[in-house]
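Structure at a glance
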Amino acid sequence: MSAPGPMLVRARGLRFAHGSRVIYDDVNVDIARGKVTAIMGPSGSGKTTLLRLIGGQWRPGAGTVEFDGTNVHALGRRALYSLRKRMGMLFQNGALLTDLNVFENVAFPLREQTRLPEPMIRDLVLMKLHAVGLRGARDLFPSQLSGGMSRRVALARAIALDPDLVMFDEPFAGQDPISMGVLMRLIRSLNDALGLTSIVVSHDLQEVLSIADYGYLIADGKVQAQGTADEIRASGHPWVRQFLEGLPDGPVAFHYPATDYAADLLGKAQP
Amino acid sequence: MNGTLSVIQGFLGGLGRAQFFVLQVVASLPSLLLRPRLLVQQLYHVGQLSMIIIVLSGSFVGMVLALQGYRTLIRFGAEESLGVFVALVIIRELGPVVTALLFAGRAGSALAAELGLMRATDQLSAMEMMAVDPVRRVVAPRFLAGVIAMPLLASIFAVMAIGIAGGHAIGVELLGVDAGSYWSQIRASVGMEDIADGLIKSLVFGFAVSWIAVYQGFHAEPTSEGVARATTSTVVISSLSILALDFVLTAFMFK
């Protein structure tokens, strides 16, 4: 086996389409080992799609995704499943199993994937829950948790098997400032303390750039900008400007495509 | 013309996908041997929680049959045969069919809604990402529980309808048919093959309803509308399939 390269994930020439809608057109993304990488873009630009492609849930139309040197989409089902044990994923709303309590949700991957004795599972679960500050919430059910708490439980579950890579799908969406701050600090500190590699998909540019080592701005099916947080902030690229400043008009137009306004008003009413 | 063709094409395509899916589910059933707890939990949800509705409707169907049957039979002075009348109608026909229809409405819709909700809230995707096969972990125990529960529920329905609170209560207690002839005529005229026919029917219906419910739920659109649609189509498709299958099975058994 060759020495581990600096990149944990390499996506090359990705193409992906939902029916006739092209989501990716020749996208290259590298995820550096041990770093927090931000994937940013407007809603509907397929940020989540990238995570599903890396996890092998969806197949690209063309191009490859390599995880630690292995082509994810060339694997058989069994090999893919064993590769996934090295990835954790945090879905947008946590995706906790609603019929299990917090403790059992975090224990779920351990019970399914390992044959550890019960006392050890208990210790591991409590350690993971303590890391996200929810050791005391172990007996609650997902319906009793706030959005931010659900995501923290999901984070504890995602790191239960000590993966190499953790993928966060819109971890800040719909969170109040306190909960957002907690999640941001958790993502950064867990990444460094556990030696993880993190991918954070988000459209909250300012927030995600404050914790990311490197970032990609994906829009219109392409990588529009990439670089360190400071490089992206300093970039004069119109996509970056519209995004950072929240401008209503720009590459993302305010008006949905339509015919000429005056002609539309003065023209004959459509039957 | 083209519209009809594409509807037929869509129907056959769906049927093919559903068949492929049920093969996947059946193939993962042996893994349940290692984890019987998963099956027991689902038997409780699918079977035990359908008990009240089955017991109540069994009683009412039995009572109605006794009233209707008595009216007709007494014209021929044959009211002593009321027991056979109720027993044969329930065991061969109404027991499996009504139980299956209620089962589709109670357990089938709940199954589809549960799986659809798991799909819509990414729980199924999350399992896949945790390297856990949702077909094996979630679908297989629910499907098998449905297949096992249906014949049991149909048997309970039959017991309620013929005895205890159904036909016996009305026929013997209210209308005064002799209890001895009620039961002895049943014993003399209802054979093993009648019971076997009824059990086969309820087994087939249980397979069909569970199949339709898990397929619709598992493949629901991941939205609230998708879950609602999956639940509705589970009940509609199940009910139609039950009645159509009942005709086919009866035709084969009617010799």
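In this report, the structure presented in the accompanying data block is examined. Everything numeric in this text was worked out from a predicted model, so none of it was measured.

**Some words on the overall build of chain A**
A count of helices and strands for chain A gives 10 helices and 10 strands. With the C-alpha coordinates of chain A rotated into their principal frame, the extents come out at 75 × 45 × 45 Å. Looking at chain A as a whole, 48% of its 271 residues are labelled buried. Partitioning the contacts of chain A with sequence separation of at least 6, the portion at a separation of at least 24 is 62%. Accessible surface computed for chain A: about 13200 Å², of which carbon and sulfur atoms make up 54%.

**Side note on the interface of chain A and chain B**
Tallying the contact residues gives 21 residues for chain A and 17 residues for chain B. Of the roughly 1700 Å² buried where chain A meets chain B, counting both sides, 56% is carbon and sulfur surface. Considering only the side of chain A, the residues that lose the most area to chain B are Tyr-81, Phe-108 and Glu-112 of chain A, jointly responsible for 27% of the buried surface there. Where chain A meets chain B, there are 4 salt bridges. The shortest N-O distance in the salt bridge between Asp-133 of chain B and Arg-77 of chain A comes to 2.8 Å. Here chain A and chain B share 11 residue pairs in polar contact (both at pLDDT 80 or more) between them. For the side of chain A that touches chain B, the secondary-structure elements that each account for two or more residues are α2 (77-84), β6 (87-90) and α3 (102-113) of chain A. Residue contributions to the side of chain A that touches chain B peak at 4 residues, all from α3 of chain A.

**Quick notes on the pairing of strand β2 (residues 21-32) of chain A**
Residues and elements named next belong to chain A. Relative to β2, strand β1 (residues 7-18) runs antiparallel, the two being bridged by 9 bridges. Paired with Arg-15 across the strands is Asp-25, a residue of β2. Linking two consecutive strands that pair antiparallel, namely β1 and β2, is a turn of 2 residues; a positive phi of about 60° is found at Gly-19 within it.

**Here we look at the pattern of salt bridges**
Summed over all chains, the structure comprises 21 salt bridges over all chains. When the shortest N-O distance is used, the salt bridge between Asp-30 of chain A and Arg-12 of chain A registers 3.0 Å. Residue Asp-30 of chain A is located in strand β2, and its partner Arg-12 of chain A is located in strand β1; the two are separated by 18 residues in the primary sequence. Taking the shortest distance from any N to any O, the salt bridge between Lys-201 of chain B and Glu-93 of chain B comes out at 3.0 Å. Here Lys-201 of chain B, found in helix α9 (residues 192-218), pairs with Glu-93 of chain B, found in helix α4 (residues 82-120); they are 108 residues apart in sequence, far enough to count as distant.

**Notes on helix α7 (residues 167-174) of chain B**
All names here are of chain B. Three or more residues of α7 are buried, namely Gly-167, His-168, Ile-170, Gly-171 and Val-172. Check the buried side of α7 and you find it contacts α3 (51-73), α4, α6 (134-162) and α8 (179-189). Among the residues trailing α7, Gly-176 stands out with phi positive, at a value near 80°.

**Notes on the sheet that holds β6 of chain A**
Residues and elements named next belong to chain A. Pairing is mixed across the open sheet formed by 6 strands, whose spatial order is β6-β7-β8-β3-β9-β10. Both outer strands of the open sheet, β6 and β10 (222-227), are each paired with one neighbouring strand and no more. Neighbour to neighbour, the strand axes of the sheet diverge by 15° on average, direction disregarded. The pairing of strand β9 (residues 214-219) with β10 spans 5 bridges and is classified as antiparallel. Counted as the bridge partner of Leu-217 is Ala-225 from β10. Those strands touched by helix α5 (residues 147-158) are β6 and β7 (165-169), and its axis lies near 170° from that of β6. Contacts from helix α9 (residues 238-245) reach β9 and β10, with the element oriented near 100° to β9.

The rules behind these values
- Residues numbered from 1 in each chain as written.
- Chains lettered and ligands numbered in written order.
- Predicted model: local features only at pLDDT ≥ 70, side-chain atom pairs only at ≥ 80, totals over all residues.
- Heavy atoms only, no water.
- Helix = DSSP H or I, 4+ residues; strand = E, 2+ residues; numbered from the N terminus.
- Buried < 20%, exposed > 50% of the residue type's maximum accessible area, 1.4 Å probe, protein only.
- Contact = heavy atoms within 4.5 Å.
- Areas by Shrake-Rupley, 256 points an atom, 1.4 Å probe, with all protein chains shown as cover.
- Buried area = accessible area lost by both parts, 1.4 Å probe.
- Salt bridge = Lys/Arg side-chain N within 4 Å of Asp/Glu carboxyl O.
- Polar contact = N/O pair within 3.5 Å; in protein donor to acceptor, adjacent residues only side chain to side chain.
- Pairing = 2+ DSSP bridges.
- Axes fitted to C-alpha atoms, helices over the stretch in contact; angles between N-to-C directions.

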